[in-house]
Structures are given as C-alpha cells and as structure tokens.
Amino acid sequence: RCGCGTCFFFTARRVSFLGAETYSPMRIEHVEIGAGGVYEQSLPEGWTCIVYVRRGTVAVGGEEVGMHETCQLARRGGDGLSLACVGGQDADVLVLAGEPLGAPVVASGTMVMNSQARSAESHRELPRLIWESPSLWPRPPPPPQSRPSS
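Remember, predicted model here, so these are calculated numbers, not experimental data.

Draft legend 1. Representation of the overall build of the protein chain in the model. On a plain count of helices and strands, the protein chain comes out with 1 helix and 13 strands. Counting all 150 residues of the protein chain, 27% fall into the buried class. Counted over contacts in the protein chain with a minimum sequence separation of 6, partners at least 24 positions apart contribute 54%. Within the structure as shown, the protein chain displays about 10600 Å² of accessible surface, and the carbon and sulfur contribution to it stands at 55%.

Below is the structure:
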C-alpha cells in the first residue's frame with residue numbers, strides 16, 4: 001500500500017452483477033500523485049493492469065501518459081507498477097488491475113459479453129431494462145432558484 005493517506009484501494013475476491021460472476025482477484029485504485037511524486041505498487045505475476053489518467057501527466061515505463069489517456073502494462077512477472085508525476089502539476093489516476101479471467105470477450109458498442117449471442121441478447125433486452133428501471137431515466141434539470149427581493 002502507498003501509505004500517503006490520499007489513495008483509495010478496493011480489493012475483491014468475488015464480484016456479481018446481473019448474473020455475471022468472477023472469482024478472480026482484482027485491485028481498483030484511485031491515486032492522486034503530487035507534482036514530482038512517484039507512486040509504486042507491486043503486482044502479482046501475470047496480472048493485467050490498466051492505468052487511466054484523469055488529470056495531469058504520468059510517466060509509466062518511460063512513456064508519458066496524459067490526461068484522458070489510457071495505457072496497459074505488459075503481463076510480465078511481479079515487477080509491479082511505477083507512476084511518476086511529470087509536467088509540473090498534480091496527477092489523478094485510476095489503476096485497474098486483476099488476474100485474467102481466461103474467458104472469451106466479445107465487445108459490441110457498450111456491451112461486453114462472453115459470446116456474440118449474449119451480446120445480441122443484451123442489445124435486445126436493454127430498451128426493456130431501461131423502461132422498467134425508472135432510476136435509469138434521464139432527469140429534468142431542477143427549476144431555477146428564485147432570489148428574494150431586497
């Protein structure tokens with residue numbers, strides 16, 4: 001762990017959402033790095049690791065990754081992750097790392113499934129799910145606040 005007091009760590013052994021289950025270890029980290037600072041984290045052998053830069057610029061393996069850019073680290077063993085904040089301003093990054101599931105992946109638009117059939121089914125079901133879930137409906141903007149006259 002970083003120990004800086006500003007990092008958020010989430011680790012899970014089992015994730016379940018809408019019938020999809022995984023028992024693969026993973027790590028999700030929101031990391032803020034001060035200008036000129038370095039963040040290091042060990043990663044187990046063979047894990048996939050993706051770094052998304054939300055703000056600032058970081059150096060990853062000698063390459064600079066800027067705001068709204070993503071990089072994926074090679075799956076080589078246990079050498080870990082090192083992020084150096086460059087460019088003179090603080091950086092805010094999201095680190096997603098985990099053991100590969102070893103399952104097929106089919107991506108279509110916003111859907112990511114394990115087969116073309118499941119992807120097509122999800123596309124057919126999405127309008128019904130949105131209609132039946134009012135919490136997903138777009139919300140109108142709040143009415144303007146009237147100011148009391150003085």
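On we go from here.
Draft legend 2. Inspection of the nonpolar core at higher detail. Membership of the largest hydrophobic core comes to 20 residues, with the highest contact counts inside it found for Cys49, Val51, Val58, Leu81, Leu83, Val93 and Val95. Looking at this core, the elements that each hand over two or more residues are β4 (26-33), β6 (48-55), β7 (57-60), β9 (70-73), β10 (81-86) and β11 (91-98). Looking at this core, the element that brings in the most residues is β11, giving 4 residues. Among residues more than four places away in sequence, those in contact with Val93 are Glu29, His30, Val31, Val51, Tyr52, Val53, Arg54, Val58 and Leu83.

Draft legend 3. Just the environment of Glu64, in detail. Tracing the sequence through the fold places Glu64 in strand β8 (residues 63-65). Once the C-alpha coordinates of Glu64 and Cys85 are considered, the two residues, 21 residues apart in sequence, prove to be 9.3 Å apart. In this view, Glu64 contacts Thr57, Val58, Ala59, Glu69 and Val86; residues no more than four positions away in its chain are not counted.

Draft legend 4. Inspection of the pattern of salt bridges at higher detail. Counted under the stated rule, the structure contains 3 salt bridges. The shortest N-O distance in the salt bridge between Arg54 and Asp92 comes to 3.1 Å. Of this pair, Arg54 sits in strand β6 while Asp92 is found in strand β11, placing the two residues 38 residues apart along the sequence. With relative accessibility at 42%, the residue Arg54 sits in the partly exposed group. Asp92 gets classed as buried once you look at its relative accessible area, which sits at 6%. One salt bridge in this structure joins Glu121 and Arg118, with 3.5 Å as the shortest N-O distance. On the criterion of helical spacing, the pair formed by Glu121 and Arg118 is a turn pair, its members being 3 residues apart in helix α1 (residues 116-132). Owing to a relative accessible area of 40%, Arg118 belongs among the partly exposed residues under this scheme.

Draft legend 5. Fine view of the sheet that holds strand β5 (residues 38-41). Taken in spatial order, the 4 strands make up an open sheet running β5-β10-β7-β8, and their pairing is antiparallel. The sheet is open, and its two edges are formed by β5 and β8, each paired on a single side. Ignoring which end each strand starts from, the neighbouring axes of this sheet average 25° apart. Where β7 meets β10, 4 bridges bridge the pair, whose relative direction is antiparallel. Its bridge partner lying in β10, Val60 is registered against Leu83.

Parameters at a glance
- Residues numbered from 1 in each chain as written.
- Predicted model: local features only at pLDDT ≥ 70, side-chain atom pairs only at ≥ 80, totals over all residues.
- Heavy atoms only, no water.
- Helix = DSSP H or I, 4+ residues; strand = E, 2+ residues; numbered from the N terminus.
- Buried < 20%, exposed > 50% of the residue type's maximum accessible area, 1.4 Å probe, protein only.
- Contact = heavy atoms within 4.5 Å.
- Areas by Shrake-Rupley, 256 points an atom, 1.4 Å probe, with all protein chains shown as cover.
- Core = buried A, V, L, I, M, F, W, Y, C linked by side-chain atoms within 4.5 Å.
- Salt bridge = Lys/Arg side-chain N within 4 Å of Asp/Glu carboxyl O.
- Pairing = 2+ DSSP bridges.
- Axes fitted to C-alpha atoms, helices over the stretch in contact; angles between N-to-C directions.

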